[in-house]
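Here is how the chains run, residue by residue.
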Amino acid sequence: MPKNSKAVKRELDDDVTESVRDLLSNEDACDDSFKKASLIVDSPEGEGKECDVEEGGSDGEEEERPAWNSKLQYILAQVGFSVGLGNVWRFPYLCQKNGGGAYLVPYLILLVLIGIPLFFLELAVGQRIRRGSIGVWNYISPRLGGIGFASCVVCFFVALYYNVIISWSLFYFSQSFQQPLPWHECPLVNNKTSTFVVPECEKSSATTFYWYRKALDISDSISEGGGLNWKMTLCLLAAWSMVCLAMIKGIQSSGKVMYFSSLFPYVVLICFLARALLLKGSVDGIRHMFTPKLEIMLEAKVWREAATQVFFALGLGFGGVIAFSSYNKRNNNCHFDAVLVSFINFFTSVLATLVVFAVLGFKANIMTSKCISLNTNKIVALLGNGIEPSLIPHHINLTQVSQVSADDYHQMTEILRGVKENEYQNLGLEPCSIEAELNKAVQGTGLAFIAFTEAMTHFPASPFWSVMFFFMLINLGLGSMIGTMTGITTPILDAFKVRKEILCVVCCVIAFLLGLLFVQRSGNYFVTMFDDYSAGLPLTVVVILENISVAWIYGTKRFMQDLEDMLGFRPYAFYFYMWKYVSPAILVVLIAATVIEMAVSPAGYNAWVEAEGSERFHSYPPWALAMAYALIVVAMLPLPIIFIVRHFNLISDGSNKLSVSYRKGMMKDISNLEEQDEQRFILNKNPSEAPSPMPPHRAYLGPGGTQEMTNTNYGTSTKTGYQNIGSPESEL
């Protein structure tokens, strides 16, 4: 792919060295094969296939790039990467918070405007250039090569804390093989004189106490490290071991893992939905969820949060999408893949939302019944001592408190509120409504490890459902972790000749050692910090630079032509305008909104206060605030550094030390390439059909401008698009 049509002129009397390993799959392998094979001119009807052979190293050995065993395996890998824990515990929370069913409208609009186009863009560049994120963006524009490095840094930060969440799920999974579940009720303390409930648990709840005290053994603030939590340390070791084993052979091993890790969560979600719908109160939860609050949809905050969710749900900017697609054949229909995976992701979020609120509706029904029973006992105690018995309707039998329905209780409270208007607050009666329970919005760990676990304690055969739920979380997390780690390892494997097994083990060991930060007693606070600061703003900047580099530096028209040559059809003009204008504009607004929110919102975290049995917001101390902003700076630092050193030619224009020499006879002036693009894009003509001072061949690979040769290096005949006098940068 050319860096710039004005900058591709070469001096014809000197040898030119391009330091680009990512070109070797397109040029060198074909050049080497050219010496051994007969050159056949492609017929106008025929369409040459690009060479799928890569240069394996400086010694000239050729090796074939790994490929997916099947299209299904590839789709499952992309689905496994994009569908993660956020679909289960982030999307339902945003749906509830931002207008219920009305939230789906801005989400779908933004999915079409920025989600699918940018997802398609990443799939296309990865599939065409067949390199990881570093190689792809070095190839498109070396000065913007920092995009790939920044993407890898963000992937590494996210992998550090994301695998900690898997370790938490492993811990709960291991504790679920008990009847009753260990978080079923508050523990008792026995002494010589009495037995009493642990005060911290009594002030909160059994599941909340188990999460903060038994699982995390959390400290009171981020400044109190408290030493390692050995149980979570072992679980983190197990989590990284799982990731390492899944990644050890590259896509040959991770692809097989995806068959299970991508499909099993759907089995669990469907089973949960079927079971939850049979429970009392589940329909109330679903009704509450999808009752649209249209007035909220007009708020700018709703659209910003919808754009952010679309952005992260598809894994844009992480490099995993590019890495997975780089193992595809070049003629794979990546447009179909982009639309398919995007809508699978959306429908998975909706399915997870149905499950979550069906279960939370059941939980709200249980909690409301307990609340009614407790407050009815208060009314019975106050009869004749603040409440006249005549105020109680005759059809309500207070001698059997368990028989008092929600309607009966609300009728009593309405009468008491009307009669004792000034004294009602002193009675201490709670509203006890299902709506109030469902409005207690929870997300993230609060949903998975507190609210959902509490609901499952009321399920018949609760250990079975607990095992299924946490095993599902493990698989969801594992699929996303494989994609995230692939976004790190693939660019490194493309840039350096290292064994994938050694690289995988080294990466996992380093990540485990650094991850010990998150399994000390204050580790949960660092997970919150990394989640808030390490990915949000840096990833948005990475994606807008990806968009700009393709749409404005390389050229949208040229990119559309490359897609036509690669796919065999021209993508809809809709994508041209999205990439060129709409998506960059939306991303600029999103970056501005993110910066404003960071400036306005206080930087802090919710600390668990043991004495109160509740959370309290704490501001970050100066050292922690510096650490939080350092995460943003470190993630984005490669962008200006690579730009400066490449601008002043301090390092080569490639991602490695391999180089290819092109003799002066191989070089050509393609300064009229943009003019040819205009003719092809607007007039739908091949450059060879339009008047042009250029030679009759075309700069793009494809029918009418390519030559074919037969490559027999691997015992099979491979047709290769080869340009005998074209610049290697004339391809995408």
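The rules behind the values
- Starting from 1, residues in each chain are numbered consecutively following that chain's sequence as written.
- Confidence filtering applies because this is a predicted model: local features only for residues at pLDDT of at least 70, side-chain atom pairs given and counted only at 80 or more, and all residues used for totals across whole chains, interfaces and linings.
- Water and hydrogen atoms play no part in the side-chain values, which are based on all heavy atoms of the structure.
- Helix and strand assignments follow DSSP, with helices taken as H or I runs no shorter than four residues and strands as E runs no shorter than two, numbered in order from the N terminus.
- Any two residues having at least one pair of non-hydrogen atoms within 4.5 Å are treated as being in contact.
- Any Lys or Arg side-chain nitrogen located within 4 Å of an Asp or Glu carboxyl oxygen qualifies as a salt bridge.
- Classification of residues uses two cut-offs on accessible area relative to the type maximum, computed with a 1.4 Å probe and protein chains only: under 20% is buried, over 50% is exposed, and between them is partly exposed.
- Following DSSP output, two strands are said to pair if at least two bridges run between them.
- The term nonpolar core refers to a set of buried residues drawn from Ala, Val, Leu, Ile, Met, Phe, Trp, Tyr and Cys, joined through side-chain atoms within 4.5 Å.
- UniProt positions are given in the numbering used here, feature names are shortened, and annotations may be inferred rather than shown by experiment.
- Two cysteine sulfur atoms make up a disulfide if the distance between them is within 2.5 Å.
- Here the term cavity refers to a set of points on a 1 Å grid, laid over the protein atoms alone, in which a 1.4 Å probe fits but cannot get out; the term pocket refers to an open set having protein on both sides within 12 Å along at least five of seven lines, with lining residues being those that place an atom within 4 Å of a point.
- Grid points are joined across faces, edges and corners, and a volume is the space filled by probe spheres set on the points.

Chemist: Looking at this structure, how should I read the side chain of Gln-127?
Modeler: With respect to the secondary-structure elements, Gln-127 resides in helix α5 (residues 104–129). Leaving out residues up to four positions away in the same chain, Gln-127 has contacts with Ser-325, Ser-326, Asn-328, Lys-329, Arg-330, Asn-331, Asn-332, Cys-334, Met-566 and Leu-567.

Chemist: Where do I start with the pattern of salt bridges in this structure?
Modeler: Oppositely charged side chains can pair when the atoms bearing their charge come close. Counted under the stated rule, the structure contains 13 salt bridges. In this structure, Glu-612 engages Arg-616 in a salt bridge whose closest nitrogen and oxygen atoms are separated by 2.0 Å. Through salt bridges that share partners, Glu-200, Arg-213, Asp-217, Arg-521 and Glu-610 make up one connected network.

Chemist: How should I be thinking about the pairing of strand β7 (residues 604–609) in this particular structure?
Modeler: Walk down a regular strand and you will see the side chains alternate between the two sheet faces. A large share of β7 lies buried, amounting to 5 of its 6 residues. For β7 and strand β8 (residues 614–619), the ladder comprises 6 bridges, and the chain directions are antiparallel. Bridge pairing links Trp-608 to Glu-615 in β8. Linking two consecutive strands that pair antiparallel, namely β7 and β8, is a turn of 4 residues; a positive phi of about 65 degrees is found at Gly-613 within it.

Chemist: Teacher, can you tell me more about the nonpolar core here?
Modeler: Soluble, globular proteins show a tendency: their nonpolar side chains are buried together. Within the largest apolar cluster, 180 residues are counted, with the highest numbers of intra-cluster contacts made by Trp-240 and Phe-272. With 17 residues, helix α7 (residues 146–175) is the single largest residue contributor to this core. Once residues within four sequence positions are removed from consideration, Phe-272 is found in contact with Val-355, Val-359, Phe-452, Met-456, Phe-459, Trp-465, Met-468 and Phe-469. Membership of the second largest hydrophobic core comes to 16 residues, among which are Ile-379, Ile-392, Leu-427 and Leu-429.

Chemist: In this structure, what is going on with the environment of Val-283? I would like to understand it.
Modeler: Tracing the backbone shows Val-283 in helix α12 (residues 282–290). Exposure remark for Val-283: the relative accessible area of 47% places this residue in the partly exposed category. Note: C-alpha distance between Val-283 and Phe-362 (79 residues apart in sequence) is 8.3 Å.

Chemist: What's the story with the UniProt feature "binding site: Na(+)" (unreviewed entry) in the protein in this structure? I'm lost.
Modeler: Following the UniProt record, one finds the feature "binding site: Na(+)" (unreviewed entry) at Gly-80, Val-83, Asn-87, Asn-345, Leu-476 and Ser-480. A maximum C-alpha distance of 12.7 Å is found for the annotated residues, which run over 401 residues; spatially they form one tight group. For Gly-80, a relative accessible area of 6% corresponds to the buried category. Setting aside its immediate chain neighbours within four residues, Gly-80 contacts Met-258, Ser-262, Leu-476, Gly-479 and Ser-480. For Val-83, a relative accessible area of 4% gives the class buried. Among all residues touching Val-83, those that are not within four sequence positions of it are Tyr-266, Asn-345, Thr-348, Leu-476 and Ser-480.

Chemist: Any chance you could explain the state of the cysteines here in plain terms?
Modeler: Working definition of a disulfide: a covalent bond connecting the sulfur atoms of two cysteines. With the rule as written, the count across this model stands at 2 disulfides. Two residues, Cys-186 and Cys-201, share a disulfide whose sulfurs are 1.9 Å apart. Because the torsion about its S-S bond is -80 degrees, the bridge between Cys-186 and Cys-201 counts as left-handed. Remark: Cys-201 occurs in helix α8 (residues 199–203) and Cys-186 occurs in the loop between α7 and β5 (188–190); sequence separation between them is 15 residues. Judged by its relative accessible area of 22%, Cys-186 falls in the partly exposed class. Each sulfur in the disulfide pair Cys-371 and Cys-432 lies 1.8 Å from the other. Taking the torsion about the S-S bond as the criterion, the Cys-371 to Cys-432 disulfide, at about -70 degrees, is left-handed.

Chemist: For this particular structure, what's the right way to read the environment of Val-321?
Modeler: In this fold, Val-321 is placed in helix α14 (residues 320–325). Residue Val-321 is classed as buried on the basis of its relative accessible area of 0%. Each C-alpha atom of the pair Val-321 and Gly-483 lies 7.5 Å from the other, and the pair is 162 residues apart in sequence. Once residues lying within four places of it in the same chain are set aside, the contact partners of Val-321 are Gln-78, Phe-81, Phe-119, Glu-122, Leu-123, Leu-314 and Gly-315.

Chemist: Explain empty space enclosed by the protein here, please?
Modeler: Remark: the empty space left among the atoms is shown by a probe the size of a water molecule rolled over them. The final tally for this structure, using the stated rule, is 5 cavities of 30 Å³ or more. When its volume is computed, the largest cavity comes out at roughly 50 Å³. Forming the boundary of the largest cavity are Trp-168, Ala-215, Leu-216, Asn-229, Met-232, Phe-518, Val-519, Gln-520, Arg-521, Gly-523 and Asn-524.

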